[in-house]
Amino acid sequence: QQQVKQSPQSLIVQKGGISIINCAYENTAFDYFPWYQQFPGKGPALLIAIRPDVSEKKEGRFTISFNKSAKQFSLHIMDSQPGDSATYFCAASETYSGGGADGLTFGKGTHLIIQP
Amino acid sequence: EPEVTQTPSHQVTQMGQEVILRCVPISNHLYFYWYRQILGQKVEFLVSFYNNEISEKSEIFDDQFSVERPDGSNFTLKIRSTKLEDSAMYFCASSESNRGRTDTQYFGPGTRLTVL
């Protein structure tokens, strides 16, 4: 099964708070887990990504937590700002052993609103 | 900063007509992708392309779809006979390499296809 399940569908957080978005996957062959941020009218832009050899990765205010045994990963946005208001997609892919190109399987997205 | 570009930004067509969506990937990238996003839904993988051939394709990418890299810069998606359900935002993406692991995919701004 190639699905990636994402929750919540929408999230409202006060400025300065912590935004948490969760994803779960079923395909144990997945070995790359990126998060993309999308603003209205724009294409998705990579925010942060993790591979299963680590349980956490932090870049500035953004942290990915990864639980391989539970097949779950989450995005934490610390000190959330109004400019973080966007749609966030988790995604996953597996290494293409043939050396070709891997397609990403996306979650359904979370519409995040940061209230000033 | 190099970016993926797509033309046109919006394409309106009649059902049954052929459309060609165009993309210019980042110049040193070798791996190319097409995704689509039906309004309000998740981003869905269509096809990946490397070394002048399709690497991977999804169930969505049926015989009505084809991809081509006609020259050293453009990457195109053709839909031979459009259907109403083809109405969506189509995103092109590219990545520098695979190196046995998935590399970052950079997305273009998208082409909104409306089939009447």
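This text goes with the structure placed above it.
Residues numbered from 1 in each chain as written. Chains lettered and ligands numbered in written order. Predicted model: local features only at pLDDT ≥ 70, side-chain atom pairs only at ≥ 80, totals over all residues. Heavy atoms only, no water.

A closer look at the overall build of chain A
Piece 1. In terms of regular secondary structure, chain A is built from 0 helices and 11 strands.
Piece 2. Helices (α) and strands (β) of chain A occur, in sequence order from the N terminus, as β-β-β-β-β-β-β-β-β-β-β.
Piece 3. The C-alpha radius of gyration computed for chain A amounts to 14 Å, which stays within 12% of the reference 13 Å derived for 116 residues, consistent with globular compactness.
Piece 4. If you line up chain A on its principal axes, its C-alpha atoms span 50 × 30 × 25 Å.
Piece 5. In chain A, buried positions account for 46% of the 116 residues.
Piece 6. Computing the positive centroid from 10 side-chain charges and the negative centroid from 9, chain A places the two 5 Å apart. (Helix = DSSP H or I, 4+ residues; strand = E, 2+ residues; numbered from the N terminus. Rg over C-alpha atoms; globule rule 2.2 N^0.38 Å. Buried < 20%, exposed > 50% of the residue type's maximum accessible area, 1.4 Å probe, protein only. Lys, Arg positive; Asp, Glu negative; His and termini not counted. Charge placed at Lys NZ, Arg CZ, Asp CG, Glu CD.)

A closer look at the overall build of chain B
Piece 1. Along its length, chain B carries 0 helices and 11 strands.
Piece 2. In chain B, the succession of helices and strands from N to C terminus is β-β-β-β-β-β-β-β-β-β-β.
Piece 3. Relative to the 2.2 N^0.38 estimate, which gives 13 Å for 116 residues, the radius of gyration of chain B is 13 Å and therefore close to what a compact globule would have.
Piece 4. In terms of overall dimensions, chain B has a C-alpha envelope of 40 × 30 × 30 Å along the principal axes.
Piece 5. The buried share of chain B, taken over its 116 residues, is 47%.
Piece 6. Expressed as a percentage of contacts within chain B between residues at least 6 apart in sequence, the contacts between residues at least 24 apart total 55%.
Piece 7. Element-wise, carbon and sulfur atoms account for 45% of the exposed surface of chain B, whose accessible area totals about 5800 Å².
Piece 8. Charge-centre separation for chain B: the mean point of 11 positive side chains lies 1 Å from the mean point of 15 negative side chains. (Contact = heavy atoms within 4.5 Å. Areas by Shrake-Rupley, 256 points an atom, 1.4 Å probe, with all protein chains shown as cover.)

Concerning the state of the cysteines
All names here are of chain A.
Piece 1. Counted under the stated rule, the structure contains 2 disulfides over all chains.
Piece 2. A sulfur-sulfur separation of 1.8 Å characterises the disulfide bridge that pairs C23 with C90. Because the torsion about its S-S bond is -90 degrees, the bridge between C23 and C90 counts as left-handed. With C23 in strand β3 (residues 19–25) and C90 in strand β9 (residues 86–92), the pair connects residues that are 67 residues apart, well separated along the chain.
Piece 3. Looking at C23, the relative accessible area reads 3%, which means it is buried. (Disulfide = S-S within 2.5 Å.)

Description of the nonpolar core
Piece 1. Counting residues in each nonpolar core, the largest one holds 24 residues, and the members touching the most others are V4, F33, W35, F73, L75 and Y88 of chain A.
Piece 2. For this core, the elements supplying multiple residues, two or more each, are β2 (10–14), β3, β4 (33–38), β5 (45–50), β7 (62–67), β8 (72–77), β9 and β11 (110–115) of chain A.
Piece 3. Examining the composition of this core, we find that 4 residues originate from one element, β9 of chain A, more than from any other.
Piece 4. Ranked by size, the runner-up nonpolar core spans 21 residues in total, among them V47, F75, I79 and A88 of chain B. (Core = buried A, V, L, I, M, F, W, Y, C linked by side-chain atoms within 4.5 Å.)

A short note on the interface of chain A and chain B
Piece 1. Listed by partner, the interface residues are 24 residues for chain A and 24 residues for chain B.
Piece 2. Summed over both sides, the interface between chain A and chain B buries roughly 2000 Å², with carbon and sulfur atoms accounting for 50% of that surface.
Piece 3. The tally of links from chain A across to chain B stands at 0 salt bridges.
Piece 4. Put simply, chain A and chain B have 4 residue pairs in polar contact (both at pLDDT 80 or more) between them.
Piece 5. Of the residues in the side of chain A that touches chain B, the class split is 9 nonpolar, 9 polar and 6 charged. (Buried area = accessible area lost by both parts, 1.4 Å probe. Salt bridge = Lys/Arg side-chain N within 4 Å of Asp/Glu carboxyl O. Polar contact = N/O pair within 3.5 Å; in protein donor to acceptor, adjacent residues only side chain to side chain. Nonpolar A, V, L, I, M, F, W, Y, C, P; charged D, E, K, R; others polar.)

Re the sheet that holds β8 of chain A
Residue and element names in this part refer to chain A.
Piece 1. Pairing is antiparallel in the open sheet, where 5 strands are placed in the order β1-β3-β8-β7-β6. Two strands in the sheet have a free side with no partner beyond their single neighbour: β1 (4–7) and β6 (56–59). Taking the axes of each pair of neighbouring strands and ignoring which way they run, one obtains an average angle of 15 degrees across the sheet.
Piece 2. With 6 bridges joining them, β7 and β8 adopt antiparallel strand pairing. Paired with T63 across the bridge in β8 is H76. (Pairing = 2+ DSSP bridges. Axes fitted to C-alpha atoms, helices over the stretch in contact; angles between N-to-C directions.)

Notes on the environment of S65 of chain A
Residues and elements named next belong to chain A.
Piece 1. By the secondary structure assignment, S65 is in strand β7.
Piece 2. Residues S65 and P116 lie 51 residues apart in sequence; the distance between their C-alpha atoms is 26 Å.
Piece 3. Sequence-distant contacts of S65, that is, excluding residues within four places in its chain, are made with S55, E56, Q72, F73, S74 and H76.

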